[in-house]
Amino acid sequence: LQHYLCIMHSVSIATILIFAYGAIIPSTSGFAARDASSRTRRPPPNRTRRNPSSSSSPKPKRAPHQFDHTKEEARPFLDNNLAVKEQLANDDAPEYTFEDDDTEQATIIPDGTHLVYFSLDELFPNIADLGFSHKFCTDGKFRDDLRNSMREDIFDSTPAYENLPAKARKILLLPDSSLQGSWTCRDETLRMKKLTEVLNHHLGEQSPTGDEFMEAIGSLCGSEPSYHWIDIVGVMNRRIPHSWHQDTGRSRGGDTKTVLLGFPKEDNYSGVGVFSHAVKLKYEKSSKEHALDDPVVYSGLKIDDEYIVRPQFEQGKEIVMFRDVDVIHSSPDVAYRSSVMRYM
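Residues numbered from 1 in each chain as written. Predicted model: local features only at pLDDT ≥ 70, side-chain atom pairs only at ≥ 80, totals over all residues. Heavy atoms only, no water.

(A) How the structure looks around the packing of helix H7 (residues 193–203) against helix H8 (residues 210–219). Two elements in contact, H7 and H8, have axes separated by 7 Å at closest approach and are oriented at 95°. Here H7 is positioned roughly perpendicular relative to H8, judged by the angle of their axes. On H8, the residues that touch Leu195, Thr196 and Leu199 of H7 are Gly210, Asp211, Phe213 and Met214. (Axes fitted to C-alpha atoms, helices over the stretch in contact; angles between N-to-C directions. Helix = DSSP H or I, 4+ residues; strand = E, 2+ residues; numbered from the N terminus. Parallel < 35°, antiparallel > 145°, perpendicular 65-115°, else oblique. Contact = heavy atoms within 4.5 Å.)

(B) Representation of the pairing of strand E6 (residues 277–280). Here E6 shows a buried face lined by His277 and Val279 and a second buried face lined by Ala278 and Lys280. Relative to strand E8 (residues 308–309), E6 is paired through two bridges, and the arrangement is antiparallel. When the sheet's bridge partners are listed, Ala278 is paired in E8 with Val309. (Buried < 20%, exposed > 50% of the residue type's maximum accessible area, 1.4 Å probe, protein only. Pairing = 2+ DSSP bridges.)

(C) H7, seen in detail. Among all positions in H7, only Leu195, Thr196, Val198, Leu199, His202 and Leu203 are buried. Here the buried residues of H7 occupy an arc of 165° about the axis, which is enough to place them on one side. With respect to the buried face of H7, the exposed residues turned more than 90 degrees away are Glu197 and His201. Check the buried side of H7 and you find it contacts helix H4 (132–138), helix H5 (140–156) and H8. Where H7 terminates, the next one or two residues include Gly204, which has phi positive at roughly 95°. (Arc of directions from axis to C-beta.)

This is the structure in structure tokens:
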């Protein structure tokens, strides 16, 4: 109330002053009206007159980083296709050890088991002439239809998404957004209906159902999987630092694996940037005391490039899998892909 009265008091005083000013200042009719164009313009407040003949002018202020970098360098956008061509898979990278490794008690990881490649053809060896790998790697329309139908089927059959409005559904299903759910298809009714139609359309009547396809990839996870599935897009058109971690720090059944299905950006692609990057460990790194659903993050860990494996995608290597205790991994520093699907 006091604040309101003060405001009203100020308004009243201002009104009185305005009337008083009008009473004591004669109108322009009592004087010779001066031509507005002949009036000397006064500079705006807080500004100084500038001498037009002077070439010196204050230099614009710059952010600290601009003294060391050009605009292009300050915004490190890049052509990811060109950038990944400069990177090597480095499959024969040496194994990495931590300073706190218990070399006497820890289990040594056998050579050649850290990262295992798998082909889509190997998923259904009993179906002759399916040509799954070739079709997947050479037909972008098939890959897009496959990916979009998987995302729609999982979205429409996930209870957490049931009550979302149509607008939210449209946004979440945009191809540049990540999506998660479960890969399991063990109900008697067909779950992956759209995926089934896509497989049948592109591969013919001998193709598996969508449910059979999801379960076949999920079976690569081994025993005691979590059934978690996520379609990851990631950061594109720029280089990012590695962020080393483990998803769970466990292999619950001893043979429990993380499985990645890569979706390359172009047909007949053979190169890196599709799968996660990894560092092969010499000793199993288990974190049983860590919460099962939380990742084990190695904040600030810097790994020399000689230890970093950048798994190569190509026909016959559409899938890569690993135990979470055998490696630490990260999103690629340079990604070149449509997405990568992770089964756990």
